[in-house]
Amino acid sequence: MADHFAVIDVGSNALRWQVAAVDHPKHYRILAQDRRPVRLGQDVFRTGKLNPQAVEAGLKVLADFKGLARHYRVKAVRAAATSAMREASDRRSFLKRARALGVPLEVLPEQEEARLISLGIMSGLRFHLPLGLFLDIGGGSVELTVADPANTYCSFSLQLGAVRLTEKFFTKDPPPHRELKELRTFIRDELRSVARRIQKEKYTMAFGSGGTITALAETDTRANGDGKAGSLTVLRRQRLKALLELLAARTTQERAHMISGDPKRADIIIAGGLVLHEVMAEVGLDYLFVSKRGLRDGLMVDLLQRQYADSGAWHPDADRAESLEQVCQKYSNDMAHSQHVSQLALNLFYQLQKLHKLPERYASILHAAAMLHDIGTVIAESKHHKHSYYLIKSSGMKSFNKLDLELVANIARYHRKAHPSQKHLGFSQLSPTNQDAVRKLSSLLRVADALDFRREQRVESVSCAVKSKVLTVAIASAANIQEEIAWAEKKGRLIQEVFNTELRIQKTNSNRTRS
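Residues numbered from 1 in each chain as written. Predicted model: local features only at pLDDT ≥ 70, side-chain atom pairs only at ≥ 80, totals over all residues. Heavy atoms only, no water.

A look at the overall build of the protein
Part 1 of the reasoning: Within the protein, the secondary structure is distributed over 22 helices and 16 strands.
Part 2 of the reasoning: Scaling as 2.2 N^0.38, a compact globule of 515 residues should have a C-alpha radius of gyration of about 24 Å, and the protein matches this with 25 Å.
Part 3 of the reasoning: In the protein, which comprises 515 residues, the proportion classed as buried is 58%.
Part 4 of the reasoning: Contacts spanning at least 24 positions in sequence make up 70% of the contacts within the protein whose residues lie at least 6 apart.
Part 5 of the reasoning: Total accessible area on the protein is roughly 22600 Å²; 48% of this is exposed by carbon and sulfur atoms.
Part 6 of the reasoning: Treating the 77 positive side-chain charges of the protein as one cloud and the 56 negative ones as another, the clouds have centres 3 Å apart. (Helix = DSSP H or I, 4+ residues; strand = E, 2+ residues; numbered from the N terminus. Rg over C-alpha atoms; globule rule 2.2 N^0.38 Å. Buried < 20%, exposed > 50% of the residue type's maximum accessible area, 1.4 Å probe, protein only. Contact = heavy atoms within 4.5 Å. Areas by Shrake-Rupley, 256 points an atom, 1.4 Å probe, with all protein chains shown as cover. Lys, Arg positive; Asp, Glu negative; His and termini not counted. Charge placed at Lys NZ, Arg CZ, Asp CG, Glu CD.)

Structural notes on the sheet that holds strand 3 (residues 27-36)
Part 1 of the reasoning: What the 6 strands build is an open sheet, ordered 5-4-1-2-3-13; its pairing is mixed. Lying at the two open borders of the sheet, with one neighbouring strand each, are strand 5 (105-107) and strand 13 (315-316).
Part 2 of the reasoning: Contacts between helix 2 (residues 52-72) and the sheet are confined to strand 1 (3-10), strand 2 (15-24), strand 3 and strand 4 (76-81), with strand 2 contributing the most and set at about 15° to the helix. (Pairing = 2+ DSSP bridges. Axes fitted to C-alpha atoms, helices over the stretch in contact; angles between N-to-C directions.)

What to know about the environment of Ser 291
Part 1 of the reasoning: Note that Ser 291 resides in the loop between strand 12 (287-290) and helix 12 (295-307).
Part 2 of the reasoning: A relative accessible area of 6% means that Ser 291 is categorised as buried.
Part 3 of the reasoning: In this structure the C-alpha to C-alpha distance between Ser 291 and Ala 217, which are 74 residues apart in sequence, comes to 9.8 Å.

A word on the sheet that holds strand 15 (residues 470-476)
Each strand in a sheet pairs with another by means of backbone hydrogen bonds, the pair being arranged parallel or else antiparallel.
Part 1 of the reasoning: Strand order in the open sheet made by the 3 strands is 14-15-16, with mixed pairing throughout. Every interior strand has two partners, whereas the edge strands, strand 14 (461-467) and strand 16 (502-508), have only one. Strand after strand, the sheet turns through a mean of 20° between neighbouring axes, direction not considered.
Part 2 of the reasoning: Strand direction decides the pairing type here: strand 14 and strand 15, joined by 7 bridges, are antiparallel. Paired with Ser 463 across the two strands is Ala 474, which belongs to strand 15.
Part 3 of the reasoning: Against the sheet, helix 14 (residues 335-351) engages strand 14 and strand 15, with an angle of about 25° to strand 14.

Quick word on the packing of aromatic side chains
Part 1 of the reasoning: A complete count under the given rule lists 10 aromatic pairs for this structure.
Part 2 of the reasoning: On the basis of an interplanar angle of 75° and a centroid distance of 6.1 Å, the ring pair of Tyr 72 and Tyr 331 is categorised as edge-to-face. A residue pair is termed long-range when its members are at least 10 positions apart, and Tyr 72 in helix 2 and Tyr 331 in the loop between helix 13 (324-330) and helix 14 qualify at 259 residues.
Part 3 of the reasoning: Seen from their ring centres, Phe 207 and Phe 289 are 6.2 Å apart, and the 40° between their planes marks the pair as tilted. Residue Phe 207 is located in strand 9 (residues 205-209), and its partner Phe 289 is located in strand 12; the two are separated by 82 residues in the primary sequence. In this pair, the class of Phe 207 matches that of Phe 289, namely buried. (Phe/Tyr/Trp six-rings, centres within 6.5 Å; stacked < 30°, edge-to-face > 60°.)

Have a look at this one:
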């Protein structure tokens, strides 16, 4: 039986967690991971104290993480915080409350943070790296390390984080030329001696990591194409310069629609991007390779090396894809409820094809969403639809490509509570065609789920008829299902909204043979 381990990176701009399984030494499987955009660095670099709202949001994430770790029965947990917690004068209160939640949180020294970032990136490389330069831009600091798998040759942590510099230098939106020039001058002054030291090392490749660099690279690739080199993305300095000029001329709101990833990064991406460009210019890099791995992955590898003494280098398994059935079983889903909801949802799908006009392939997407819609309850019943969304996204199910998995996650996310909205990041990033599919399929799932809200499978079947903009759904059951009908009518408001039709639900006689 595999041992499970968990880590959480409490950063200045976001919290990231990961759960992994070890079947045999030196290799691990990532079971689940996520990023929550909680900006603990907000105000810290100006006032020296944590923002109260950010504190509460951060502790909520830690509580969710603890619930997931408990579900997986992890053997060991390592949680570590970076620059925001290093500098906060009131960090003891946060650390105490985190410990009370069952998440002992260590504050990483600057050099240790840099070492773990490079360790995380190297562990994901599928080739031997003689010597590399590793650059990570966080919310509060920037880490620069020259290392190989065996040694660290030089390491620097500079107070050039994207949140810190944004708060310090930018007063207007968009920032005027004067503020941009002052920031560039400041960055160059801070970098000059460090860059000279790094240039003495004979590294063969340079790697960038962290949300700012990843967002810039993905935005550049989306705009220009031709950005991939194997499993890594290539970001070129000249293209970065052009992209920054474009972004700097826009307001935060306009940038939010332009960049890839989290739109909440739009206010800090200019400062972070200028740091990246100036590092590349000072060190002499025409391009660098962008990795999605970083501190979180380094924490996991370091934890495993401690747990398995003398085990040497660790690497994640390249293929961690699982089947739909395996994902269901992993999260101890109520299979009877899920299967019944899927059956009802598919009945609605096939009977209403003339209404929704979706191709046949969407049936398998709806089935997966129905089977997985409740898996988020392993973290918490409250807001479990949102937890289901990111657990599905991180599952890497082999039955679906990236886009289809995104559709499954969105449909499951909207099986309850709020309707699909452009205000929601995952939904807003879909194309209009895929947004339409999510609206239609989630509206069917909501009704199917409501009809089994007791989880007793009282509803035997559904029969649909559409006439004069009225959708009538006849429910066959031998039981009293007035509450099911009332709940389905309430959750059926999305069907009425999407298809511009009135919804009527009524009971019919049972189809089952009486004994």
